[in-house]
Amino acid sequence: MGIPEPSTSAGRAGLAALLAEPRSAVVALDFDGTLAPIVADPDQARAHPAAVAALEALAPLLGAVVVVTGRPAAVAVEYGGFAGLERFTVLGQYGAERWEAGVLTAPPPPPGVAAVREQLPVLLAESGAPDGTWIEDKGRALAVHTRRTADPQRVLEQLRAPLEQLAAAHGLLVEPGRYVLELRPPGVDKGGALTAFLAERPPGPVLYAGDDLGDLPAYAALEQRRAEGHPAVLVCSSATTGEHPVTELADRADLLVAGPVGVAELLAALAVEL
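Everything numeric in this text was worked out from a predicted model, so none of it was measured.

Caption draft 1: A look at the sheet that holds strand S7 (residues 142-145). Strand order in the open sheet made by the 4 strands is S6-S7-S9-S8, with antiparallel pairing throughout. This sheet does not close on itself; its edge strands, each paired only once, are strand S6 (134-137) and strand S8 (173-177). If you compare each strand with its neighbour and ignore which way they point, the axes differ by 25° on average. The pairing of S7 with strand S9 (residues 180-184) spans 4 bridges and is classified as antiparallel. What sits directly across from His145, in S9, is Val180. Here helix H4 (residues 111-126) sits on the sheet in contact with S6, S7 and S9, set at roughly 20° to S7.

Caption draft 2: The sheet that holds strand S4 (residues 97-100), seen in detail. Within the open sheet, the 8 strands sit side by side as S5-S4-S3-S2-S1-S10-S11-S12. Their pairing is mixed. If you trace the sheet from one side to the other, it starts and ends with strand S5 (103-105) and strand S12 (255-257), each paired once. Strand after strand, the sheet turns through a mean of 15° between neighbouring axes, direction not considered. The pairing of S4 with S5 spans 3 bridges and is classified as antiparallel. Paired with Arg98 across the strands is Thr105, a residue of S5. Together, strand S10 (206-210) and strand S11 (232-237) form the strand contacts of helix H7 (residues 216-227), whose direction differs from that of S11 by roughly 160°.

Caption draft 3: Just the packing of helix H2 (residues 49-58) against helix H9 (residues 259-273), in detail. Where H2 meets H9, the closest approach of the two axes is 8 Å, and the angle between their N-to-C directions is 25°. It follows that H2 is roughly parallel to H9 by the angle criterion. The handedness of the crossing between H2 and H9 comes out as left-handed. Contacts between H2 and H9 involve Ala50, Ala51, Ala54, Leu55, Ala57 and Leu58 on the former and, on the latter, Ala264, Leu267, Ala268, Leu270 and Ala271. A class-by-class count of the residues in the contact of H2 with H9 yields 11 nonpolar, no polar and no charged.

Cut-off values and rules
- Residues numbered from 1 in each chain as written.
- Predicted model: local features only at pLDDT ≥ 70, side-chain atom pairs only at ≥ 80, totals over all residues.
- Heavy atoms only, no water.
- Pairing = 2+ DSSP bridges.
- Helix = DSSP H or I, 4+ residues; strand = E, 2+ residues; numbered from the N terminus.
- Axes fitted to C-alpha atoms, helices over the stretch in contact; angles between N-to-C directions.
- Contact = heavy atoms within 4.5 Å.
- Parallel < 35°, antiparallel > 145°, perpendicular 65-115°, else oblique.
- Left-handed = near helix turned anticlockwise from the far one by under 90°.
- Nonpolar A, V, L, I, M, F, W, Y, C, P; charged D, E, K, R; others polar.

Note that all results are geometric; they support no functional claim without further evidence.
See below:
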């Protein structure tokens, strides 16, 4: 299977530059919904085997591969099976943590996270959160999931205001996603993490693939790079069979692929071409 053609001229230029200059190129990837299928229990998420195989073939041919995720970096490495990959970095907790060549660097979480961790169960009970609502503790952030409830979108909207009030009281913000509201420190997002990583390297083409609202800052960072003359390709993963892609992401993407399987096929095709 060949490399799918981006639908935009900027995307086609970015892809051509990546193929022409692979040693200066960076492929950056979200984890959940992009490399790993979305599942009801995030602890059960694992990178698609075809994606890992494609990365094994592709990463040595590039300047770098970086996974940018809200998950703790060590968790993404474990769930992704990434430990043996070459030229490979994981930026966890939106860049607050970094895993590279088996070494993890992670500062302590801000104090507001501990306060929210203590108060969040009581707030959910007082807000009438139904059965199926649950809390994922990410260490430096806490995520409230509604995917398992009978009406995930309604519950998400029901909880948004009280969660925003709790977060603001402790210096945190709320980041929405697919049936999830994440309470985390301000000033950290995938755009900032990706920009800081790219600043360490000589300018070169970048391909970024993501699936959800949290990937929009990374898109914005690469759109800014393109405005400055550096080529890039923006890829949108449709996340899960039967789910529509996030409109805000799909509308800005150069290339739409069918979830983690489509991402894996794209990575494999790049490896074959290179």
